[in-house]
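Examining the three-dimensional arrangement
The residues making up each chain are set out below.
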Amino acid sequence: MATAILSALAEEQAGLIEQLDSPERVRHAGRDFWLGRLHGQPVVLALSRIGKVAAATTATALIERFAVERVLFTGVAGGLASEVRVGDLVLATGFVQHDLDVSPLYPRFQVPFYGRDRFECDEALKTILLRAINVALAGSKGIFDSEIGVLKPTVHTGLLASGDRFVSSAIESFALQAALRSAGHEPLAVEMEGAAVAQVCFDFGVPLAAVRTISDRADDNAHVDFPRFVLDIASRVAREVVKAFLEGLPAR
Ligand code: ADE
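Conventions used here
Residues numbered from 1 in each chain as written. Predicted model: local features only at pLDDT ≥ 70, side-chain atom pairs only at ≥ 80, totals over all residues. Heavy atoms only, no water. Helix = DSSP H or I, 4+ residues; strand = E, 2+ residues; numbered from the N terminus. Buried < 20%, exposed > 50% of the residue type's maximum accessible area, 1.4 Å probe, protein only. Polar contact = N/O pair within 3.5 Å; in protein donor to acceptor, adjacent residues only side chain to side chain. Contact = heavy atoms within 4.5 Å. 1 Å grid on protein atoms, 1.4 Å probe; cavity = no way out; pocket = protein on both sides within 12 Å on 5 of 7 lines; lining within 4 Å. Points joined across faces, edges and corners; volume = space filled by probe spheres on them. Nonpolar A, V, L, I, M, F, W, Y, C, P; charged D, E, K, R; others polar. Near = heavy atom within 4 Å. Areas by Shrake-Rupley, 256 points an atom, 1.4 Å probe, with all protein chains shown as cover. Sits in = over half its atoms within 2 Å of the grid points. Pairing = 2+ DSSP bridges. Axes fitted to C-alpha atoms, helices over the stretch in contact; angles between N-to-C directions. Left-handed = near helix turned anticlockwise from the far one by under 90°.

Regarding the side chain of Thr74
Its location among the elements puts Thr74 in strand β5 (residues 70-79). The exposure class of Thr74 is buried, given its relative accessible area of 3%. Engagement of the side chain of Thr74 in a polar contact is seen with the side chain of Glu12, the distance being 3.0 Å. Aside from chain neighbours lying at most four places away, what touches Thr74 is Leu6, Ser7, Ala8, Glu12, Val211, Ala238 and Val242.

Following this line, the structure appears as structure tokens:
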């Protein structure tokens, strides 16, 4: 059974497709899935697309149609916590949906019928991924050289918040953090897909690991920083981390 490498953006995925041995493209659910071997492991590469519904469809297809045994999700995110800076990496412990609110029927952020607001990543895969991130960073000569300077990334581990909006103002970022904090959640960063993928993986009992590179600070400059960053660095980070992650899995 294969490992799914789920990328949030086409720029991240492009470098992986280039490296695929015996690539086969399968069109399903209006999407391209790339099957092949990468660094000695059978893989299926897919794009989450943008937003929770699109990501849930992709994750479901990976599991139901391609029977993947684990999911690695890479992407970018906007930093929320003050110590999380552009260029840093966040290893996800779990995900919460910042835009889910069925109150007063259920507590705000709780996913009805699950009795929980968070979906956690898999402990064992998280350990492999953290090791992979450290390997990638140790050998990262040039990965973080960009037109905005040479970044010295810090690796953070913690909660990510997902929702169907690109957070592009400091006011919105603070409001989102305050609301989540009042329910006991301290997210490090915000993105638009992870919680949906985590819920689908939970439903099917498929282990998930996820890492996000910080592309912007989810503030008034977010729309300027984001496209520059995605093209410049995120795809290089994804390539190196995916390589080290696959090499860290048991041989197939
Ligand atoms: N992904 C990257 N940056 C983001 C932001 N500011 N808001 C939502 N998703 C993001």
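Now that the structure has been shown, the text picks up again.
Topic: empty space enclosed by the protein
The final tally for this structure, using the stated rule, is one cavity of 30 Å³ or more. Counted as a void, the largest cavity has a volume near 50 Å³. Lining the largest cavity are Glu12, Thr74, Gly75, Leu89, Val211, Arg212, Thr213, Ala234, Val237 and Ala238. Residue classes in the lining of the largest cavity are distributed as five nonpolar, three polar and two charged.

Section: the site of the ligand
Neighbouring the ligand are 13 residues; Gly78, Phe166, Val167, Glu191 and Asp216 lie closest to it. A distance of 3.3 Å separates a nitrogen atom of the ligand from a polar atom in the backbone of Gly78. Contact distances for the ligand include 2.8 Å between a nitrogen atom and a backbone N or O atom of Val167. About the coverage of the ligand: the protein hides 97% of its 260 Å² of free accessible area. More than half of the atoms belonging to the ligand lie within 2 Å of the grid points that define the largest pocket. Listed by contribution, the elements that provide at least two residues to the shell around the ligand are β5, β11 (189-191) and β12 (208-216). Here the element with the most residues in the shell around the ligand is β5; it accounts for three residues.

Concerning the environment of Leu180
Checked against the element boundaries, Leu180 lands in helix α4 (residues 170-182). For the pair Leu180 and Ala46, spaced 134 residues apart in sequence, the C-alpha separation works out to 30 Å. Beyond its immediate stretch of four places on either side in the chain, Leu180 contacts Val96, His98, Phe109, Ala161, His185 and Pro187.

Brief notes about the pairing of strand β3 (residues 31-38)
The pairing of strand β2 (residues 21-28) with β3 spans six bridges and is antiparallel. Opposite Glu24, over in β3, you have Leu35 as the bridge partner. Hairpin connection of β2 to β3: two residues between the antiparallel strands, including Ala29 at a positive phi of 55°. In terms of strand pairing, β3 meets strand β4 (residues 41-47) through five bridges, oriented antiparallel.

A short note on the packing of helix α2 (residues 52-64) against helix α5 (residues 194-204)
Interhelical geometry of α2 versus α5 gives an angle of 30° and a closest axis separation of 8 Å. In this structure, the crossing between α2 and α5 has a hand that is right-handed. Contacts between α2 and α5 involve Lys52, Ala55, Ala56, Ala59, Thr60, Ile63 and Glu64 from the first element and Ala196, Val197, Val200, Cys201 and Phe204 from the second. Its residues assigned to classes, the contact of α2 with α5 comprises nine nonpolar, one polar and two charged.

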